[in-house]
Each structure stands twice: as structure tokens, then as C-alpha cells.
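Analysis of the macromolecular model
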Amino acid sequence: AAFFAGVPIVVTEIQNIIPTLPKKYIFTDRILRRITDGCISTTQAVTDYAKQVIGFPPDKIFEVPTNAVDSKRFKTITDRRRIRQELGIPADSKLIINVGRLVKQKGQEVFINAIPKVLSAELKAYFIIVGSGRLENELKAKSAKLNLGKRLQFLGERKDIPELLMAS
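Residues numbered from 1 in each chain as written. Predicted model: local features only at pLDDT ≥ 70, side-chain atom pairs only at ≥ 80, totals over all residues. Heavy atoms only, no water.

Side note on the overall build of the chain
Scanning the chain from N- to C-terminus turns up seven helices and six strands. If you list the helices and strands of the chain from N to C, you get α-β-α-β-α-β-α-β-α-β-α-β-α. Here the C-alpha radius of gyration of the chain, 21 Å, is well above what a compact globule of 168 residues would show, namely 15 Å. Along the first, second and third principal axes, the C-alpha set of the chain runs to 65 × 40 × 25 Å. When the 168 residues of the chain are sorted by exposure, 30% land in the buried category. Within the chain, contacts between residues separated by at least 24 positions form 71% of all contacts whose residues are at least 6 apart in sequence. Total accessible area on the chain stands at roughly 11100 Å², and carbon and sulfur atoms take up 56% of it. (Helix = DSSP H or I, 4+ residues; strand = E, 2+ residues; numbered from the N terminus. Rg over C-alpha atoms; globule rule 2.2 N^0.38 Å. Buried < 20%, exposed > 50% of the residue type's maximum accessible area, 1.4 Å probe, protein only. Contact = heavy atoms within 4.5 Å. Areas by Shrake-Rupley, 256 points an atom, 1.4 Å probe, with all protein chains shown as cover.)

So, in C-alpha cells, the structure goes:
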């Protein structure tokens, strides 16, 4: 629309790589790349996708890391035992955490399906899923169907991700 309106700059943004994206969208992006002056990418993986799949020339891609993390938050010493105690997880157990939106792309279903296999090899393992999203009820039902009980906790959205990761 901007091209036909005579707007001098047309920019697109690619935030995610979605393996199941219908080919018609990729085809459309390939056509539109010819009239697009710039493509904003959020990660190196997205930059590679924009170049290899869509065909954007490297000089039209501008990488702006929006998934930036304040690394100082990960350098603060955390009381690992306290966090585990709050979550009801034994101090001597393995703790495995998945953090992300509860959508197919983030792989929580794969994570949940792997839990019985992990438990067969590591009896002292516990699991946490941090995040929210449209698959929450489906994932909780899957957990119940697999009888994971207290071995898997859904914590919802949290602000203490660095502390949770350091407790794992």
C-alpha cells in the first residue's frame, strides 16, 4: 500500500520463524521484498531466514535485537534452596525449566511428552513451565493425562525468570 501511495520508505519486520507458515505467505513476502526498502530482523536466525528463504539482500536487513536481556539480573547471587523450597521441589533433585509463550512454536508439548522418559532415567527430576498462552488448558490436560502430578508445575507469567533459572 505504501508503494502505491508513493511513500518513499517501505519497511517490514520478521519476528518469528514459523515452520508451518503457509507457502502463500512466503510467496507474498518474496514478491514484496522487491519494493521493500528495509527488513527489520530480531535475531540472527531471523536474519538468516530473511536472506535464505525470503531472499532479502543483506544490505536491506537491519538486525534490532528485541529479545534483549539485562545480563546483570543473571549475575546476582540467588538463594537456590529458598526458591526450590517455595516451589516444593527437593534441594537434591534435578529441576528442568521451560520458559516461553504457551504456543505450539515454543515446544511445550514436546517438553511434556519427554517428561516420562526423563523420569524413567532420573527419578529425582522436577519440571516447570513458565509462561501463558492459548495452549495453557491443553497443556495442563496433557500433563494430567500423563499423570505428572507434582512433577510438573505451571507457574504462569513471572518476573523472576533469572532466579528460577538459577534454581534449576
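Back to the write-up after that little detour.
A few points about the sheet that holds strand 5 (residues 125-130)
Reading across the sheet, the three strands line up as 4-5-6 and stay open at both edges, with parallel pairing between neighbours. Of all the strands in the sheet, just strand 4 (94-99) and strand 6 (152-156) have a single pairing partner and so form its edges. Within this sheet the neighbouring strands show an average axis-to-axis angle of 20 degrees, counted without direction. Taken together, the six bridges between strand 4 and strand 5 define a ladder with parallel strand orientation. (Pairing = 2+ DSSP bridges. Axes fitted to C-alpha atoms, helices over the stretch in contact; angles between N-to-C directions.)

So, the pattern of salt bridges
Side chains that carry opposite charge are capable of pairing whenever their charged atoms lie near each other. Summed over all chains, the structure comprises four salt bridges. Across the pair Asp92 and Lys124 runs a salt bridge whose closest N-O atoms are separated by 2.9 Å. Here Lys124 lies in the loop between helix 5 (108-121) and strand 5 and Asp92 lies in the loop between helix 4 (80-87) and strand 4, a separation of 32 residues in the sequence. Using a relative accessible area of 52% as the deciding quantity, one classes Asp92 as exposed. Judged by its relative accessible area of 43%, Lys124 falls in the partly exposed class. Taking the shortest distance from any N to any O, the salt bridge between Arg158 and Asp160 comes out at 2.8 Å. The class of Arg158 is partly exposed, set by a relative accessible area of 30%. (Salt bridge = Lys/Arg side-chain N within 4 Å of Asp/Glu carboxyl O.)

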